[in-house]
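So the chains spell out like this:
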Amino acid sequence: EKPDDYVRYLQENPHEIEILFRELLISVTQFFRDEEAWIELGEHLQKLVSSTPENSVIRAWIPGCATGEEAFSLAIVLRECIRQTEQHINVQIFGTDLDAVAIETARLGQYPGGIAADVSPERLERFFTHDEDLYRIRKEIREMIIFAPQNMITDPPFTKLDILSCRNLLIYLNADL
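Remember, it's a predicted structure, so these values are computed and weren't measured experimentally.

Here is what the cut-offs are and how they apply
- Residues numbered from 1 in each chain as written.
- Predicted model: local features only at pLDDT ≥ 70, side-chain atom pairs only at ≥ 80, totals over all residues.
- Heavy atoms only, no water.
- Helix = DSSP H or I, 4+ residues; strand = E, 2+ residues; numbered from the N terminus.
- Contact = heavy atoms within 4.5 Å.
- Lys, Arg positive; Asp, Glu negative; His and termini not counted.
- Charge placed at Lys NZ, Arg CZ, Asp CG, Glu CD.
- Pairing = 2+ DSSP bridges.
- Axes fitted to C-alpha atoms, helices over the stretch in contact; angles between N-to-C directions.
- Phe/Tyr/Trp six-rings, centres within 6.5 Å; stacked < 30°, edge-to-face > 60°.
- Buried < 20%, exposed > 50% of the residue type's maximum accessible area, 1.4 Å probe, protein only.
- Lys NZ or Arg CZ within 6 Å of the ring centre and 35° of its normal.
- Expected span 1.5 Å × (residues − 1).
- Arc of directions from axis to C-beta.
- Polar contact = N/O pair within 3.5 Å; in protein donor to acceptor, adjacent residues only side chain to side chain.

Describing the overall build of the protein
Here is step 1 of the chain: When helices and strands are counted, the protein shows 7 helices and 7 strands.
Here is step 2 of the chain: The secondary structure elements of the protein, listed N-terminal to C-terminal, are α-α-α-β-α-β-α-β-α-β-β-α-β-β.
Here is step 3 of the chain: For the protein, the C-alpha atoms occupy an extent of roughly 65 × 40 × 25 Å along the three principal directions.
Here is step 4 of the chain: For the protein, the proportion of contacts with a sequence separation of at least 24, taken over those separated by at least 6, is 79%.
Here is step 5 of the chain: Across the protein, 17 positive and 31 negative side-chain charges occur, with their mean positions spaced 7 Å apart.

The following block contains the structure:
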């Protein structure tokens, strides 16, 4: 009932700190969340890819990537754009999050069958393997992304980027941050 009592409880029960931490992190991610935004982003990415010299690298960073759906969505759209231009362009996507458990989930690249509601059948066929009730991101997409834990407040940012997507991060920031 009193904040001081809860602080004392946290001090006496360290496992409660982890529970509180999980409650404060809000995972709002899904594959291709807000489809209209992805269509518009795809148009911009196609221009970026078309103007990128052969054998160059496109670098992207997704802070607050949660369990990886946004990072994988970006990788898929970039792969589609590159395929249309028939150029050889490398992609490095950095997906970071404060939640180390979410990062481990992202690294696995395995998602429940329910993602079929968010990912087109064509993309499921092209970019995922299906095994029982799970979809797994294919190696060609997984290798485009490096997932790592990161505290946006204290750790240094990535630089020399072509793309920065903060959609999952902005909900956490206040004026001071």
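Describing the sheet that holds strand β3 (residues 110–112)
Here is step 1 of the chain: In spatial order, the strands read β3-β5-β4; together these 3 strands make up an open sheet with antiparallel pairing. Each edge of the open sheet is held by one strand with a lone partner, namely β3 and β4 (128–131). Neighbour-to-neighbour, the strand axes of the sheet open up by a mean angle of 30°, direction not taken into account.
Here is step 2 of the chain: As judged from the 4 bridges shared by β4 and strand β5 (residues 134–137), these two strands associate in the antiparallel manner. Pairing of F128 across the sheet is with I137, part of β5.

Description of the packing of aromatic side chains
Here is step 1 of the chain: All chains considered together, the criterion is met by 8 aromatic pairs.
Here is step 2 of the chain: With a centroid separation of 5.6 Å and an interplanar angle of 75°, the aromatic rings of F31 and F128 are classed as edge-to-face. Remark: F128 occurs in strand β4 and F31 occurs in the loop between α2 (14–24) and α3 (35–51); sequence separation between them is 97 residues.
Here is step 3 of the chain: Classification of F31 as buried rests on a relative accessible area of 1%.
Here is step 4 of the chain: Relative accessible area serves as the criterion here: at 2%, F128 is assigned to the buried category.
Here is step 5 of the chain: Centre to centre, the rings of F94 and F158 are 4.4 Å apart; their planes meet at 15°, and the pair counts as stacked. With F94 in strand β2 (residues 90–97) and F158 in the loop between β6 (145–149) and β7 (163–164), the pair connects residues that are 64 residues apart, well separated along the chain.
Here is step 6 of the chain: Here a set of aromatic residues connected by ring pairs shows up, and it is made of F31, F72, Y111, F128, Y135 and F147.
Here is step 7 of the chain: A cation sits over an aromatic face here: R123 above F32, 4.2 Å from the ring centre.

Brief notes about helix α4 (residues 69–85)
Here is step 1 of the chain: A rise of 1.5 Å per residue sets the reference length of α4, with its 17 residues, at 24 Å; its end C-alpha atoms lie 25 Å apart and thus fit the reference within 8%.
Here is step 2 of the chain: For α4, a buried count of 13 out of 17 residues is recorded, marking the element as mostly surrounded by other parts of the structure.
Here is step 3 of the chain: The first or second residue beyond α4 is E86, which carries a positive phi of 60°.

Things to note about the side chain of S165
Here is step 1 of the chain: Note that S165 resides in the segment after β7.
Here is step 2 of the chain: Assessed through its relative accessible area of 13%, S165 is described here as buried.
Here is step 3 of the chain: Ignoring any residue separated from it by four or fewer positions in sequence, one finds S165 in contact with W61, I62, P63 and E70.

Quick notes on helix α5 (residues 100–108)
Here is step 1 of the chain: Looking only at α5, the buried set comprises A102, I103 and A106. An end-on view of α5 places all buried positions within 100° of arc, on one side of the element.
Here is step 2 of the chain: Looking at the packing, one finds that the buried side of α5 touches α4, β2, β3 and β6.
Here is step 3 of the chain: The distance from a side-chain oxygen at the start of α5 to the backbone nitrogen of V101 is 3.0 Å, and the residue carrying that oxygen is D99.
Here is step 4 of the chain: Where α5 ends, the next residue or the one after it, G109, has phi of about 65°, a positive value.

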